[in-house]
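# Coordinate analysis (summary)
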Amino acid sequence: MKTLYLHKGKDESLKRYHPWVFSGAVHHMEGNPQEGDLVRVVNNEGSFIAVGHWQIGSIAVRVLSFEDRPIDHDFWVEKLQSAYNVRKLIGVMEGGNDTYRLVHGEGDNLPGLVVDMYGKTAVMQAHSVGMHVDRMKIAEALKEVMGEKLENIYYKSETTLPFKADLGQENGFIIHNSQFTIHNNPPSDVDNIAVENGLKFHIDWLKGQKTGFFVDQRDNRSLVEHYSNGRKVLNMFCYTGGFSVYALRGGAQLVHSVDSSQKAVDLVNANVELNFPGDARHKAFAEDAFKFLDSVPNYELQVTKEQANKTPNSELGTPNFYDLVILDPPAFAKHRDAVRHAIKGYTKLNARAMEKMPQGSILFTFSCSQAISKDQFRMAVFTAATLAKKKVRILHQLHQPADHPINIYHPEGEYLKGLVVYVE
Ligand code: SAH
């Protein structure tokens, strides 16, 4: 195996099991590794530190093992079995739920690999060249571990791999009906309806974001359901409408879903239809979030004019103000250097929403930016509350669910944070 030597003293974080080697720590390499190759990482004296996938970029190696062992079929089986055992322990595939994350990268000691399960179909995504190179070995091991619980594997890495690596990869099924295959389009006989807590969702393997669905909001959607009874719900950045469908089941008076993408609006309408055919409580709008919020009158302004109940927001068909709002925008900061700008974005969005919310409202607000910390996000919501001149109490502090585990040595893995606040 090829060898990568570290600079003296640059093995400190690896001794604490942090699973990345940054390019600045690399002294030199032996054996001319190609992108995606397995390399042995050694310290400046040549002692073994770790083994992992090498890649061009600021993260030079993603560590697969801190033990000096072969990365072979048994390795993949062991890691995938361990990931599956944890999901069993959590009980995530019980109670009318067949949608869950089976492998969460570093959180499952498999940096660069994501696998989401939708019924008997696994959607597998490589975020590193090494995982792409090893995809068939992983598929074989996954088939072995899952047995009859897995019939199909759809490989979906077109947009997650570095463009420069020029791997020519295409999305497509690599296992179909339990057989290895080279289909590039989903065969029509594959069931593409996922069931989450008894609710059904169309999964768009082909063009959907991430693996087709945002599996990570499952528990938070249940909490929305809990608070929805009798409320007027606004689901901003709705995408597939997960929160909207739960709110309808929770007994919401009305649910409005907003997304700037018409495709998302079509998807939310289809998902509502799948669960609550013909339900007139729901309406979806293809509109920019800020523009939409601008069209909702400020609650205080209306109240002072004593128009709160008399002024229907007729253009939107909204008979009143929204008293349960969900803000789940895309990551505003994809990189560290975008953090300041992103914090401003979260502040503005939350302030705008709070201004519109009557007394006694509930706001679910999220950030999925890995680069924004829990404290930074909370500070943004704090600033938003002062700008909107609202008294606000935090009811819940939310995070990613247990099937998105966080490796304690890799705190960067904690990406999803949310607050549920009560707006007075
Ligand atoms: N809440 C969703 C996931 C949101 S993903 C769920 O639970 O599944 C973010 C969504 O925001 C995408 O669908 C994207 O189309 C939409 N979006 C991005 N920018 C937007 C904007 N300025 N206004 C409204 N929607 C936007």
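Before reading on, note that the structure itself is shown above.
Residues numbered from 1 in each chain as written. Predicted model: local features only at pLDDT ≥ 70, side-chain atom pairs only at ≥ 80, totals over all residues. Heavy atoms only, no water.

### Some details on the site of the ligand
Taken together, the neighbourhood of the ligand is formed by 16 residues, with Phe237, Asp259, Asp288, Ala289 and Asp328 sitting nearest. Contact distances for the ligand include 3.0 Å between a nitrogen atom and a backbone N or O atom of phenylalanine 237. If the ligand stood free it would expose 580 Å²; the protein chains cover 87% of that surface. (Near = heavy atom within 4 Å. Polar contact = N/O pair within 3.5 Å; in protein donor to acceptor, adjacent residues only side chain to side chain. Areas by Shrake-Rupley, 256 points an atom, 1.4 Å probe, with all protein chains shown as cover.)

### Let's talk about the environment of leucine 349
Relative to the helices and strands, leucine 349 resides in helix α10 (residues 339-355). Assessed through its relative accessible area of 1%, leucine 349 is described here as buried. Apart from the residues within four sequence positions on either side, leucine 349 is in contact with Phe237, Phe290, Leu293, Leu327, Pro329 and Phe332. (Helix = DSSP H or I, 4+ residues; strand = E, 2+ residues; numbered from the N terminus. Buried < 20%, exposed > 50% of the residue type's maximum accessible area, 1.4 Å probe, protein only. Contact = heavy atoms within 4.5 Å.)

### Some points on the nonpolar core
Note on soluble globular proteins: their nonpolar side chains tend to be buried together. Formed by 38 residues in total, the largest nonpolar core has its most connected members in Tyr118, Ile326 and Phe364. Among the elements of the structure, β14 (199-202), α5 (218-227), α6 (242-249), α7 (262-275), β18 (324-327) and β19 (361-367) are those that each provide at least two residues to this core. Contact partners of isoleucine 326, with chain neighbours within four places excluded, come to Val224, Val233, Leu234, Asn235, Met236, Phe243, Phe364 and Phe366. Of all hydrophobic cores here, the second largest spans 36 residues; its members include Met236, Phe285, Leu327 and Phe377. (Core = buried A, V, L, I, M, F, W, Y, C linked by side-chain atoms within 4.5 Å.)

### Looking at the environment of leucine 110
Here leucine 110 lies in the loop between β7 (99-104) and β8 (113-118). Sequence-wise, leucine 110 and aspartate 259 are 149 residues apart; in three dimensions their C-alpha atoms are separated by 33 Å. Excluding its chain neighbours within four sequence positions, the residues that come into contact with leucine 110 are Phe75, Trp76, Lys79, Leu80, Val103, Gly105 and Met131.

### Examining helix α11 (residues 374-387)
Given a rise of 1.5 Å per residue, 14 residues ought to cover 20 Å, and the 20 Å separating the end C-alpha atoms of α11 matches this to within 8%. When we look at burial in α11, the residues that qualify are Phe377, Ala380, Val381, Ala384 and Ala385. Projected down its long axis, α11 carries its buried residues within an arc of 140°, all on one side. Across α11 from its buried face, at more than 90 degrees, point the exposed residues Asp375 and Phe382. Once α11 finishes, lysine 389 follows within two positions and takes phi at roughly 55°, a positive value. (Expected span 1.5 Å × (residues − 1). Arc of directions from axis to C-beta.)

### Concerning the sheet that holds strand β4 (residues 38-42)
Ordered by their spatial adjacency, six strands build an open sheet running β2-β6-β5-β4-β1-β3, and the pairing between neighbours is mixed. Looking at which strands have only one partner, the edges of the open sheet turn out to be β2 (20-22) and β3 (26-30). Within the sheet, the average angular offset between the axes of one strand and its neighbour, ignoring direction, is 35°. Both β4 and strand β5 (residues 48-54) contribute to a ladder of five bridges, which runs antiparallel. Bridging across to β5, valine 39 finds its partner in glycine 52. (Pairing = 2+ DSSP bridges. Axes fitted to C-alpha atoms, helices over the stretch in contact; angles between N-to-C directions.)

### Side note on a nonpolar patch on the surface
Taken together, Tyr17, Ile408 and Tyr409 make up a surface patch of nonpolar side chains, about 360 Å² in accessible area. Of note, tyrosine 409 is situated in the loop between β20 (392-399) and β21 (417-423). Owing to a relative accessible area of 40%, tyrosine 409 belongs among the partly exposed residues under this scheme. (Patch = residues over 30% accessible without salt bridge, like charges linked within 9 Å, V, L, I, M, F, W, Y side chains within 5 Å. Salt bridge = Lys/Arg side-chain N within 4 Å of Asp/Glu carboxyl O.)

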